[in-house]
Amino acid sequence: MKSLFTLWFLVLLALSCQAAPTLAEPISAVRPPDGAIGLSVLHLRETNGRLTLAEAAAARRAGDFVPGRQPVLNFGFGARPVWVHLTVDNPAAASIPLRLTLETAWLDDIEVYFVDGDGAVASHRAGDARMHGERPLPGRHFAFEHAFPPGVGEIFLRVETPDPLVLPIHLTSPEAARARETRQAVSYGLVYGFLLALMAYNSLLYVSLRSTRYLLYAFYLATFVAMNAAYTGHGFAWLWPESVRWQAWSNPVLIVMYGIAGLLFAIRFLELKDDFPRLRDGILGLCALTIVLLVGTILAGSQVGALWVAFVFVTSFTGLMLALGIVSVRAGSRPARYFLVAAVAAMLGAALTTLSTWGGIPYDDWTFRAVEIGMLLDATLLALALGYQFRVGQEEKLRAERLAQLDPLTGLDNRRAFYDKTSPLWSNAVRHELATSVMLFDIDHFKRINDELGHARGDEVLKAVADVLRCSVRHGDVAARWGGEEFIVFLPQTDQPAALALAERLRAMLMAMRVTHAAGSVPISASFGVAQRGTDDATLDALIGAADEALYEAKELGRNRVRGRAALELVAPVTA
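Definitions and cut-offs
- Residues numbered from 1 in each chain as written.
- Predicted model: local features only at pLDDT ≥ 70, side-chain atom pairs only at ≥ 80, totals over all residues.
- Heavy atoms only, no water.
- Helix = DSSP H or I, 4+ residues; strand = E, 2+ residues; numbered from the N terminus.
- Rg over C-alpha atoms; globule rule 2.2 N^0.38 Å.
- Buried < 20%, exposed > 50% of the residue type's maximum accessible area, 1.4 Å probe, protein only.
- Contact = heavy atoms within 4.5 Å.
- Areas by Shrake-Rupley, 256 points an atom, 1.4 Å probe, with all protein chains shown as cover.
- Lys, Arg positive; Asp, Glu negative; His and termini not counted.
- Charge placed at Lys NZ, Arg CZ, Asp CG, Glu CD.
- Core = buried A, V, L, I, M, F, W, Y, C linked by side-chain atoms within 4.5 Å.
- Pairing = 2+ DSSP bridges.
- Axes fitted to C-alpha atoms, helices over the stretch in contact; angles between N-to-C directions.
- Salt bridge = Lys/Arg side-chain N within 4 Å of Asp/Glu carboxyl O.
- Expected span 1.5 Å × (residues − 1).
- Arc of directions from axis to C-beta.
- 1 Å grid on protein atoms, 1.4 Å probe; cavity = no way out; pocket = protein on both sides within 12 Å on 5 of 7 lines; lining within 4 Å.
- Points joined across faces, edges and corners; volume = space filled by probe spheres on them.

Draft legend 1. Spotlight on the overall build of the protein chain. Helix and strand counts for the protein chain stand at 17 helices and 19 strands. Its C-alpha radius of gyration of 42 Å places the protein chain more than 25% over the 25 Å reference for a compact globule of 576 residues. Based on the C-alpha atoms only, the size of the protein chain along its principal axes is roughly 130 × 65 × 50 Å. Looking at the protein chain as a whole, 46% of its 576 residues qualify as buried. In the protein chain, once contacts between residues fewer than 6 apart in sequence are set aside, the share between residues at least 24 apart is 73%. Counting only carbon and sulfur atoms, one obtains 61% of the accessible surface of the protein chain, whose full area is about 27,900 Å². One finds the centroid of the 52 positive side-chain charges in the protein chain at a distance of 4 Å from the centroid of its 56 negative side-chain charges.

Below, the structure written as C-alpha cells:
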C-alpha cells in the first residue's frame, strides 16, 4: 500500500511539474535560432500605466512575465503595450554582434534595452511615430544591433501600437539578417514587378481602346501595390520616409481605397449597370458610406476607429466580390467564371493574412504573405478574363460587321459589302489596265410569282437563285444581291466574251429550276446584262450603268436572254 501511494505521489508530482510554466531558455549567441524566437521569450502586458525599465525588470524577477506560446507573439487588435524579455548567453571569450529585428512595419513606439552582465544598459528608441531616418538601422523593419560580451545578457522590449500587435522577433547574426532581407527583397520585387507590369499594360490598353474596364483594373492593381507597400514598410522606407502623419493613417486609407477600386472594377467588368442596376447602386452607396465614416474617424483623430472601418469594409469587400461572381455566373456571364475563381483566390489570401495579423491563426511568412499569393492569382485570372472579354467583344464586333454586310435572306453580300470588296479590285484594274466586267441579272416576272404563289414562295426562289449563283462564280468574283430580285457579279480580270459565257451558263442553270405549287410547277428565267470596262468608264458606277443598260435591252428583247454591252458585244443574244 505504501509503494502504491508513493507511485501515485510521483505521478501527481510529474503532472504538476509538467503543467507549471517553464522559464524560457537563454538564446545562444554562438548559434542563434533561424526563425522567430517567440518560444524563447517572456512577455508582460501593461495594465496599470506605463512601466519603467526598472519596474519591468522587477516584474521579471517577481515572475510576472509569462512565456510565449507561439514562435510569433500575437496580441491581436487594440492590445495594451507589451514588455518582452529574453536572455542571451555568450559562452565565447570575445563579444559577438547580433541583430535584433522586429518584422512588423506598423509599430508606433518601440523601446529596446540591451542589459549586459555587468549591468551596462544600451537603449534605443524607434517606431512609426518617428521619421524613418531616425531609426538605428535603415530598412523597412525595426532592427537593432548589439555586441554581446561574454556571459549572460538580457534584452527588454516595450512595444506599443493601435494596430494589430504582432511581434515576429528575430535574433541573428548581421550576415544572416542581411541574407534574409535580400531574399525578401527579391520576392517582393517579383510580386511588385508582375503587378506593375500588368498595371502599365492595362493602362496602355485603356489609352488605345478607351475602355474604362482597363483603367479601373490598372487602378485596382495600383491600390493593392500601394496598400501592400504601406503595411509591409516599403512605403515608409521609400515613398514617404519623413511623413509620420501619413504613415499613421496610410494603412486604413489605402485599405479602403483598395476595396473601392476592386468594387468599381467589378461593376464595370460584370456590367452591373445594365444587368443589376439596384445592386450597383447599393455597392456605390456602401463605398460612399465607408468614405464618410473613414473621414469622420480621421477628423476625430481616432486611429483605432479608422482601422475598424477599414477592417469591416475590406471584409465586406471580399464577400461582395465573391457574391458578385456567383450572381453573374448564374446570370450566364462567361467572363464571370474567371472573376469568380479570382475572387475566391483573393478572398482566401486576404482571409489568411487578416487572421494571422489579428491573432486568429498562427502567424508565419506564408500566412502573412498569403494576400500577395492570392492577389497574384487574382490579377492573373482577371487579366485572362479581360483578354477573354476583349476577344469575345472583337468576335461580336466582327460578326455584327459581317451581318451588316450580308443580305439576311440570301446570305449573299449586300450593296454596301459589294462596294467595300470591289473598291480595291477596281483600283487595281484601272492601275494595271486589266480587263474587268460586271454582270447584272434580274429574275423574270418575279412580281407575278409573289402575287400568285405568295411571298414565301418568292423568298424560296431568291434563296435558290442565290445558291446557284454562289456555286457558279469563281473564288475571286464578288457576287451580291443588288436589290429586290436583282443580283450583281463583279468579274475581275475577265473580258466580255468570258463574262457572257458565264452568264449564259448561269441562265441555263436557272432555266432548269422549277417552283412547285399545288397546281404544278413554274419555270424560272432571268435576263442578263454584261459590260466590260471601257476607256470611258472612269468609275465602277459607270461600268455598272453600262451593264444595267445591257440588262434593259435584254428585257426589251423578250427576257430570258443574255445581252452584252453593244460596243464590245462578241456573242449574239440568246433567244429563248
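Having put the structure on the table, let's press on.
Draft legend 2. Highlighting the nonpolar core. Among the nonpolar cores identified, the biggest contains 62 residues, and Leu195, Tyr217, Tyr220, Tyr258, Phe265, Met321 and Phe339 are the most heavily contacted of them. Of all the secondary structure elements, the ones that give two or more residues to this core are α3 (174–209), α4 (212–232), α6 (244–269), α8 (277–299), α9 (303–330), α10 (335–357) and α12 (370–404). A total of 13 residues in this core trace back to one element, the largest contributor, which is α6. Residues in contact with Leu195, not counting those within four places in the same chain, are Leu221, Phe224, Val225, Met375, Leu376 and Ala379.

Draft legend 3. Quick look at the environment of Met199. Relative to the helices and strands, Met199 is located in helix α3. As for Met199 and Leu44, which are separated by 155 residues in sequence, their C-alpha atoms are 45 Å apart. Not counting the four nearest positions on each side in its chain, Met199 is found in contact with Ala218, Leu221 and Ala222.

Draft legend 4. Spatial organisation of the sheet that holds strand β9 (residues 142–148). Here three strands make up an open sheet; going across it, the order is β9-β6-β12 and the pairing antiparallel. Because the sheet does not close on itself, it has two edges, and the strands there are β9 and β12 (169–172). Adjacent strand axes in the sheet meet at a mean angle of 20°, parallel and antiparallel pairs treated alike. Alignment of strand β6 (residues 96–102) against β9, held across seven bridges, turns out to be antiparallel. Within β9, the position partnered with Pro97 by the bridge is Ala147.

Draft legend 5. Fine view of unusual backbone geometry. Positive phi is not limited to glycine here, since His445 has a value of about 55°. With respect to the element layout, His445 can be found in the loop between β13 (437–443) and α14 (446–453). Of note, the phi angle at Gln493 is positive, near 50°, even though the residue is not glycine. Among the secondary structure elements, Gln493 is positioned in the loop between β15 (486–491) and α16 (496–511). The exposed category is assigned to Gln493, whose relative accessible area is 60%.

Draft legend 6. Spotlight on the environment of Gly545. Within the secondary structure, Gly545 is located in helix α17 (residues 540–556). With 388 residues separating them along the chain, Gly545 and Leu157 place their C-alpha atoms 97 Å apart.

Draft legend 7. Looking closely at the pattern of salt bridges. Applying the stated rule across the entire model yields 29 salt bridges. The partner of Glu181 in a salt bridge is Arg99, with the nearest N and O atoms 3.2 Å apart. Highlighted residues: Glu181 in helix α3 and Arg99 in strand β6, separated in sequence by 82 residues. Note on Glu181: relative accessible area 37%, which makes it partly exposed. Note that Arg470 and Asp467 form a salt bridge whose closest N and O atoms lie 2.8 Å from each other. One end of the pair is Arg470 and the other is Asp467, both in helix α15 (residues 455–472) and three residues apart, which spans about a single turn. Its relative accessible area of 37% is what places Arg470 among the partly exposed residues.

Draft legend 8. Layout of α15. Taking 1.5 Å per residue, 18 residues should reach 26 Å; α15 reaches 26 Å between its end C-alpha atoms and fits that length. Taken as a whole, α15 has its buried residues at Gly458, Val461, Leu462, Val465, Ala466, Val468 and Leu469. One side of α15 holds all its buried residues, which, seen down the axis, span an arc of 165°. Of the exposed residues in α15, those oriented more than 90 degrees away from the buried face are Ala456 and Cys471.

Draft legend 9. Spatial organisation of the sheet that holds strand β14 (residues 478–483). Judged by pairing direction, the sheet is mixed, and its five strands sit side by side in the order β14-β15-β13-β18-β19 without closing on themselves. Each edge of the open sheet is held by one strand with a lone partner, namely β14 and β19 (562–564). On average, each strand axis in the sheet is inclined to that of its neighbour by 20°, with strand direction left out of account. The strands touched by α17 within the sheet are β13, β14, β15, β18 (526–532) and β19, with β18 carrying the most contacts at an inclination of about 140°.

Draft legend 10. Region of the structure containing the pairing of strand β5 (residues 82–90). By the criterion of burial, β5 is predominantly enclosed, with eight of the nine residues buried. Sheet topology places strand β1 (residues 27–28) next to β5; two bridges connect them, and they run parallel. The residue bridging Ile27 from the neighbouring strand is Val88, located in β5. In terms of strand pairing, strand β2 (residues 42–45) meets β5 through four bridges, oriented antiparallel. Bridging from a neighbouring strand, Leu44 pairs with Trp83 of β5. Judged from the nine bridges that link them, β5 and strand β10 (residues 151–160) form a sheet pairing that is antiparallel. Bridge assignment links Val88 to a residue of β10, and that residue is Gly153.

Draft legend 11. Representation of empty space enclosed by the protein. Under the counting rule described, the total for this entry stands at two cavities of 30 Å³ or more. The computed volume of the largest cavity comes to approximately 80 Å³. Considering the residues around the largest cavity, the lining is formed by Thr101, Glu103, His141, His170, Thr172, Ala177, Arg180, Glu181 and Gln184. Contributing elements (two or more residues each) for the lining of the largest cavity: β12 and α3. At four residues, the largest contribution of residues to the lining of the largest cavity is made by α3.

Function cannot be read off these values alone, since they describe shape.
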